[in-house]
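Per-entry structural report
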Amino acid sequence: MVQSFVMKRLSGPPLVGLIGLVASLASVAPIGTPPPSPLASESTSGTTPYPWYANSDPVRAIQNEPGMVRSPLDAGWLLVRGGDPEDTAIYVDGVRVPLLYHLGGFTSIVHPEMVDTVEFWPGAYPAKLGNSISGAVNLEPRDVGDDVRMDVGVNLIYASAFVETPIPKVGGLAVAVRRSYLDGILTAVLDADRARIAPRFWDWQARIEGESGGLFTMGFTDQIDAPTGEDDETVTITVGTQRFHGRYEADFSEQLSLLVQPMMTCHHVTAFAATA
């Protein structure tokens, strides 16, 4: 018997979506006070292996930086210096996203092969990453390489695939996708009803780039069933987002450049409560 159906929106952009444009002029010459440096700025394109606690996920390493608080039940929130999750701004390719980790905190929302640099500011941060209280995180996507490359992985939680290839006269294309199946494993051990408490997620990213710009698109869906504490009632929570980021860069001189980022985003949170 269905008892209730609740819809609510995330703080920030509307439930249905947001269409916007980010444009900025940058000068190489120093003007005023320089922007603050991040506490952690880790490039993933080198040969240095990730720390053992990162689980091959470069984003996870920031959970152990000073000022970070472990989220309850590994919910995947970023809690910086006692602030709420929404007090920390999270950006991918310069565009804000609602979450950094999938529900359950198993992995970040972006495939590691798509990430070039992870930057973390637990406090003072550049003005372009403003409108937050506790801090900011910025993920810079990796440039598409000149060679065809493929990576496929499987672990106890999820399966993943990544491929990148050059495109003649255009640039390059990179695509990544992941899908969890922990609920399927628990179904074989327990039963289908009890296994639904396991977090379920999938995510995808695609990046195409040329000489002066490119397009980055990504999306994810998370779902989990949790008891409400009232008899046999459970609530199914679903979090999802889809977004498209354009990028155009132009250099007018050695001291002046232009960055234009058109974007379209759509994200939602739903909660569906029912009893057996």
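Residues numbered from 1 in each chain as written. Predicted model: local features only at pLDDT ≥ 70, side-chain atom pairs only at ≥ 80, totals over all residues. Heavy atoms only, no water.

**Quick notes on the overall build of the protein chain**
This is how the line gets drawn: The helix count covers DSSP runs of H or I at least four residues long, the strand count covers runs of E at least two residues long, and both are numbered beginning at the N terminus. Relative accessibility decides the category of a residue: with a 1.4 Å probe and only protein chains considered, values under 20% of the type maximum give buried, values over 50% give exposed, and everything between is partly exposed. When checking whether two residues touch, look at their non-hydrogen atoms; a contact exists if any pair is within 4.5 Å. Per-residue accessibility takes into account occlusion by the displayed protein chains alone, with areas from the Shrake-Rupley method and a 1.4 Å probe.
Across its full length, the protein chain holds two helices and 16 strands. Taken over 276 residues, the protein chain has a buried fraction of 41%. Across the protein chain, the fraction of contacts at a sequence separation of at least 24, relative to all contacts at a separation of at least 6, is 61%. Summed over its atoms, the accessible surface of the protein chain is roughly 14,900 Å², and 60% of this surface lies on carbon and sulfur atoms.

**Let's talk about unusual backbone geometry**
Even without being a glycine, K169 presents a positive backbone phi close to 65 degrees. Here K169 lies in the loop between β11 (158-167) and β12 (171-180).

**Remarks on the confidence of the model for the protein chain**
Using the following cut-off: Note: pLDDT gives the predictor's confidence per residue, expressed from 0 to 100.
Mean pLDDT for the protein chain: 75, with 75% of residues reaching 70 or above. Counting interchain partners and residues more than four positions distant, the pLDDT-below-50 stretch residues 1-17 has 37 contacts. Below pLDDT 50 for its whole length, residues 43-54 participates in 17 contacts with residues either more than four positions away or in separate chains.

**Thoughts on the packing of aromatic side chains**
Our working definition: Any Phe, Tyr or Trp ring, taking Trp's six-membered ring, that has another such ring centre within 6.5 Å forms a pair; planes under 30 degrees apart are called stacked, those over 60 apart edge-to-face, and the others tilted. Only lysine NZ and arginine CZ atoms are considered, and such an atom sits over a ring when it is within 6 Å of the ring centre and within 35 degrees of the ring normal.
Tallied over the full model, the rule gives one aromatic pair. A cation over an aromatic ring shows up here: R178 above the ring of Y158, its NZ or CZ 5.6 Å from the ring centre.

**Concerning the side chain of D93**
Note the threshold: Two N or O atoms form a polar contact when they lie within 3.5 Å of each other; inside protein one atom must be a possible hydrogen donor and the other a possible acceptor, and for residues adjacent in sequence the pair counts only when both atoms belong to side chains.
You can see D93 is positioned in the loop between β6 (88-92) and β7 (95-96). Polar side-chain contacts of D93 include one of 3.3 Å to the side chain of R247. What D93 contacts, discounting residues up to four positions off in sequence, is N138, L139, E140, P141, R207, F216, H245, R247 and Q261.

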